[in-house]
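Listed below, chain by chain, are the residues.
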Amino acid sequence: MTAVLAPATVRRRPAFSLGRWVERESVFSWLMVALPVAFLVALVGYPFFYGIWISLQDRPVAKPGEFVGLDNFIRAWHDPVFRQVAVNTVFYTAAATVLKMVGGLGLALVMNQDFKFKNLTRALLLLPFIVPTVLSTIAWQWILDPAFSVVNWVLKALDIADPGPSWLGNPHLAMLSLIVVNVWRGLPFYAITLLAGLQTIPPDLYEAATIDGAGRWGRFRYVTLPLLMPIIFIVTMFSVIFTFADFQLIYVLTRGGPANATHVFATYAFDIAMGAGQFGQGAAIALSMVPPLALIILAMAIYMRAPKS
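Residues numbered from 1 in each chain as written. Predicted model: local features only at pLDDT ≥ 70, side-chain atom pairs only at ≥ 80, totals over all residues. Heavy atoms only, no water.

What follows is about the overall build of the chain. Looking only at helices and strands, the chain features 15 helices and 2 strands. Sequence separation of 24 or more characterises 66% of the internal contacts of the chain that already satisfy a separation of 6 or more. Roughly 20,100 Å² of accessible area belongs to the chain as shown, and the carbon and sulfur atoms make up 71% of that amount. (Helix = DSSP H or I, 4+ residues; strand = E, 2+ residues; numbered from the N terminus. Contact = heavy atoms within 4.5 Å. Areas by Shrake-Rupley, 256 points an atom, 1.4 Å probe, with all protein chains shown as cover.)

Right, here's the structure in full:
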């Protein structure tokens, strides 16, 4: 007697499968960026929008805030110290960024050559950038101290100046000193990043340029510089943002003095908010950094996207 086999039951897949849904490229990519986006919203977005809300209030210490609209921004605009702070910030950022860009590119070109102790030199080059800002700035305080300054001791030994200048007591020299310290600290970031970009340029391009009769300057102008421009743009953008909002270096060295000569937006906003206890006014001054930074970054992006002749 033959056995009769029951027909196999066909299992239907559910209409919705969580595993298959997660495996979709679009869904998986959004899941991967969800946590970083939530982190940014929590630690950047919330303080930013809360700062905007405080800037629209008259908010002294230990008192409830009173909504005043744009009065804090109008009061800051008519403050002569605020206008001086704006000029200081732009000059400090522009001078330090240009010097770091030129010096960093030069260091990167040197570090890209073959010489003895090349790896050790590259490691030592990073020291100014990896040392904590406050610690290195305190060391610079001793270097620029009018009584114990190493610089003044050298000037006196060479019969150039006796006594040496007060580097942090003179308004012009104080700003110059801040720019020098900022360049010293930020130069390794430029140099190492541009060095990484230099090492991605194919040697065949240099050989082809040499065959076409290009010298050292020609190879740099027509091969190195065009291929490095995207990296230079990114590094310069980061440098502008960090320098424009610089706080630790300036506050430790000069606290904005003498006579507000070295105050920038970050230090002046801190003094108004924490020193004078005017949180609303301090938030308005701090937020004044956003429009010029946005314009600078937009102008740089437009320049990079413009067709080059």
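From this point, the narrative continues.
As a further point, take the packing of helix α7 (residues 133–143) against helix α9 (residues 171–198). Where α7 meets α9, the axes come as close as 11 Å, and the angle between the chain directions of the two elements is 135 degrees. In terms of their interaxial angle, α7 and α9 are classed as oblique. Considering the relative orientation of α7 and α9, their crossing is right-handed. Contact residues: Thr 133, Ser 136 and Trp 140 in α7; Val 180, Val 181, Trp 184 and Arg 185 in α9. (Axes fitted to C-alpha atoms, helices over the stretch in contact; angles between N-to-C directions. Parallel < 35°, antiparallel > 145°, perpendicular 65-115°, else oblique. Left-handed = near helix turned anticlockwise from the far one by under 90°.)

Another aspect to go through is the nonpolar core. Formed by 18 residues in total, the largest nonpolar core has its most connected members in Tyr 92, Leu 178, Ile 179, Leu 249, Ile 250 and Leu 253. Put simply, the parts of the chain that give this core at least two residues each are α4 (80–111), α9 and α12 (248–253). If you tally residues by element for this core, the top one is α9, at 6 residues. Sequence-distant contacts of Tyr 92, defined by excluding residues within four places in its chain, comprise Met 175, Leu 178, Ile 179, Asn 182, Thr 243, Asp 246, Leu 249, Ile 250 and Val 264. Ranked by size, the runner-up nonpolar core spans 16 residues in total, among them Tyr 190, Leu 198, Ile 232 and Val 235. (Core = buried A, V, L, I, M, F, W, Y, C linked by side-chain atoms within 4.5 Å. Buried < 20%, exposed > 50% of the residue type's maximum accessible area, 1.4 Å probe, protein only.)

One pair of aromatic rings is described through two measures. These are the centre distance and the angle between the planes. All chains considered together, the criterion is met by 12 aromatic pairs. Plain terms: the ring middles of Phe 48 and Phe 49 are 5.4 Å apart, the flat faces sit at 75 degrees to each other, and that makes the pair edge-to-face. Here Phe 238 and Phe 242 contribute two aromatic rings whose centre-to-centre distance is 6.0 Å and whose plane-to-plane angle is 40 degrees, an arrangement assigned as tilted. Here Phe 238 and its partner Phe 242 are both found in helix α11 (residues 216–244), 4 residues apart, which amounts to about one turn of the helix. For Phe 238, a relative accessible area of 38% puts it in the partly exposed group. Under the relative-accessibility criterion, Phe 242 is labelled exposed at 53%. (Phe/Tyr/Trp six-rings, centres within 6.5 Å; stacked < 30°, edge-to-face > 60°.)

For the rest of this paragraph, the subject is unusual backbone geometry. Put simply, Gly 257 and Pro 258 share a cis peptide bond, and its omega is -5 degrees. Note on placement: Pro 258 falls in the loop between α12 and α13 (265–275). With a phi close to 55 degrees, Arg 255 is a non-glycine residue in the positive phi region. Locating Arg 255 in the fold gives a position in the loop between α12 and α13.

One can find Val 102 in helix α4. Each C-alpha atom, one on Val 102 and one on Ala 191, is 9.6 Å from the other, the two residues being 89 residues apart in sequence.

Note on placement: Asn 182 falls in helix α9. Excluding residues that lie within four positions of it along the chain, Asn 182 makes contacts with Tyr 92, Ala 96, Lys 100, Thr 243, Asp 246 and Leu 249.

As for its position among the elements, Gln 57 is in strand β1 (residues 57–58). Take Gln 57: its relative accessible area is 6%, and that puts it in the buried class. For Gln 57, the contacting residues outside a window of four places in its chain are Gly 65, Glu 66, Phe 67, Val 68, Asn 72 and Gly 280.

Function-wise, these values are silent; they only describe arrangement.
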